[in-house]
Amino acid sequence: MTTASAYWATSATDPLVPATIERRPVGPNDVQIAIAYAGICHSDIHTARGEWGRTNYPVVPGHEIAGTVTEVGSAVTKFAVGDRVGVGCMVDSCGGCEPCRMGEEQFCVQGNTGTYNAIGRDGEKTQGGYSTSIVVDQRFVLSIPEGVGLDEAAPLLCAGITVYSPLRHWNAGPGRRVAIIGLGGLGHMAVKIAAAMGAEVTVLSQSLKKMEDGLRLGASHYYATEDPAVFKRLRNGFDLIINTVSANLDMGRYLSLLAIDGTLVELGAPEHPIEVPAFALLTNRRSFAGSIIGGIAQTQEMLDFCAQHGLGADIELIPADKINEAYDRVVASDVRYRFVIDTATLAGAS
Ligand code: NAP
Ligand code: ZN
């Protein structure tokens, strides 16, 4: 057992505070990681604030983890001390069911084990990446390729794979018109990755405030959804729409932007159910779909793709004592485009 300095949420309403947590001893298949950076995903905020109604406090959030291997178990073959590695949203799954065997561990029939706010198969509570170290089974550890900084790589472990997986599944590429709703953490990676895949990318943001950035990130077009005329103008105009918005939207208006056989993929996980008007789907034989992160093999593929294309997240590095402020800024859509915690500022914070 080792201890780690961390930041945790103790209730839905109190700010996150410093804490000291325990990490399990390194087992034969385990990798111990000194965490250097941890991204702040909007899911951390939904969880810390109890918006999904299933938070087991206290919880150390953080599932965008990047660092260096400090110890490996006797049966570890994939990693060695000193390797640059990452951990995303899952730290375990049964490994034997069909989805697991197909590399879709996120759909494990027994349920995958979340990096935080879950109970591991050893019966212990999992605690996430806002901490100085973590111990993870080698099957759920990713290699961070040379050429991508650990700080800009951290957000790829959730935001990156969450957008990469549906972009691949629904064939984003040359000749495909792809719209991204929301230019936040997920959204900005979706723009970069979809553009790198060769799609024609449009950003649908609430305002034009971030237009220059959107175009720099790879979008060809940028519209403000606060202008109702935009929905008329873009009607039937997209093959694929990726919705990264953390709040409820008027889904009928966005579905009306899909061309024949187009698909709107929901990635956001708002607190309240989403209403989908039937006629918006019937028209143009549209699909309304969802997607959740991606499997481990595809996560490695995404990291390699990002390295090949020179992609990392655009980040704002913060010390631990700015976590609560960062949460408020994310909720206010005031993030460009991912807050990343420098975990060196956690050590000794408790
Ligand atoms: P984020 O950084 O806060 O980005 C969300 C963006 O949505 C904002 O930057 C904003 O962009 C837009 N937005 C926010 N409130 C809005 C509103 N009321 N109306 C219209 N647009 C609004 O969040 P994130 O970390 O990217 O996460 C986004 C959502 O995806 C969260 O619900 C999160 O839990 C979920 N998520 C899902 C998965 C999955 O596997 N499916 C994985 C990770 C996260 P503009 O300013 O450009 O409008
Ligand atoms: Zn996330």
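Before any of the text, the structure's been laid out above.
Remember, it's a predicted structure, so these values are computed and weren't measured experimentally.

1. A short note on the state of the cysteines
Phase 1 of the analysis: Taken as a whole, this structure holds zero disulfides when the rule is applied.
Phase 2 of the analysis: In this model Cys 108 remains outside any disulfide bridge; the closest cysteine sulfur is found in Cys 100, 3.8 Å from its own.
Phase 3 of the analysis: For Cys 108, a relative accessible area of 7% gives the class buried.

2. Description of empty space enclosed by the protein
In this approach a probe as big as a water molecule rolls over the atoms, and the regions it shows empty are the leftover space.
Phase 1 of the analysis: For the structure on display, the rule yields one cavity of 30 Å³ or more.
Phase 2 of the analysis: Approximately 70 Å³ is the volume found for the largest cavity.

3. A short note on the coordination of the zinc ion (ligand 2)
Phase 1 of the analysis: Those protein atoms acting as donors to the zinc ion (ligand 2) are Cys 41 (SG), His 63 (NE2) and Cys 158 (SG), and they sit at 2.0 to 2.2 Å.
Phase 2 of the analysis: In primary sequence terms, the donor set of the zinc ion (ligand 2) follows C-x21-H-x94-C. Here Cys 158 lies in the loop between helix 3 (150-153) and helix 4 (159-169) and His 63 lies in the loop between helix 1 (42-48) and strand 4 (65-72), a separation of 95 residues in the sequence. Cys 158 shares its class with His 63; the two are buried.

4. Remarks on unusual backbone geometry
Phase 1 of the analysis: A cis geometry characterises the amide bond from Tyr 57 onward to Pro 58, with omega recorded as -5°.
Phase 2 of the analysis: Tracing the sequence through the fold places Pro 58 in the loop between helix 1 and strand 4.
Phase 3 of the analysis: A cis amide bond, omega -10°, links Arg 336 with the succeeding residue Tyr 337.
Phase 4 of the analysis: The backbone of Ile 293 sits at a positive phi, close to 30°, despite the residue not being glycine.
Phase 5 of the analysis: The topology assignment puts Ile 293 in the loop between strand 15 (287-290) and helix 10 (296-308).
Phase 6 of the analysis: Under the relative-accessibility criterion, Ile 293 is labelled buried at 11%.

5. Remarks on the packing of aromatic side chains
Phase 1 of the analysis: Enumeration over the complete set of coordinates arrives at two aromatic pairs.
Phase 2 of the analysis: Judged by centre distance (5.1 Å) and plane angle (90°), the rings of Phe 231 and Tyr 254 are edge-to-face. A residue pair is termed long-range when its members are at least 10 positions apart, and Phe 231 in helix 7 (residues 229-233) and Tyr 254 in helix 8 (residues 251-255) qualify at 23 residues.
Phase 3 of the analysis: The ring of Phe 231 has Arg 253 sitting right over it, with the charged end atom 4.0 Å from the ring centre.

6. Re the nonpolar core
Phase 1 of the analysis: Counting 64 residues, the largest nonpolar core has Val 163, Leu 167, Val 178, Val 191, Ile 193, Leu 240 and Ile 242 as its most contacted members.
Phase 2 of the analysis: Here this core takes six residues from helix 5 (residues 185-196), the largest share from any one element.
Phase 3 of the analysis: No fewer than three residues from each of domain 1 (2-157 + 314-346) and domain 2 (160-290) sit in this core.
Phase 4 of the analysis: With residues up to four places along the chain from it excluded, the contact list for Ile 242 reads Pro 166, Leu 167, Val 178, Ala 179, Ile 180, Ile 181, Val 265 and Leu 267.

Criteria and cut-off values
- Residues numbered from 1 in each chain as written.
- Chains lettered and ligands numbered in written order.
- Predicted model: local features only at pLDDT ≥ 70, side-chain atom pairs only at ≥ 80, totals over all residues.
- Heavy atoms only, no water.
- Disulfide = S-S within 2.5 Å.
- Buried < 20%, exposed > 50% of the residue type's maximum accessible area, 1.4 Å probe, protein only.
- 1 Å grid on protein atoms, 1.4 Å probe; cavity = no way out; pocket = protein on both sides within 12 Å on 5 of 7 lines; lining within 4 Å.
- Points joined across faces, edges and corners; volume = space filled by probe spheres on them.
- Donors = N, O, S within 2.8 Å, 3.2 Å for Na, K, Ca; no water.
- Helix = DSSP H or I, 4+ residues; strand = E, 2+ residues; numbered from the N terminus.
- Phe/Tyr/Trp six-rings, centres within 6.5 Å; stacked < 30°, edge-to-face > 60°.
- Lys NZ or Arg CZ within 6 Å of the ring centre and 35° of its normal.
- Core = buried A, V, L, I, M, F, W, Y, C linked by side-chain atoms within 4.5 Å.
- Domains from an automatic or database assignment.
- Contact = heavy atoms within 4.5 Å.

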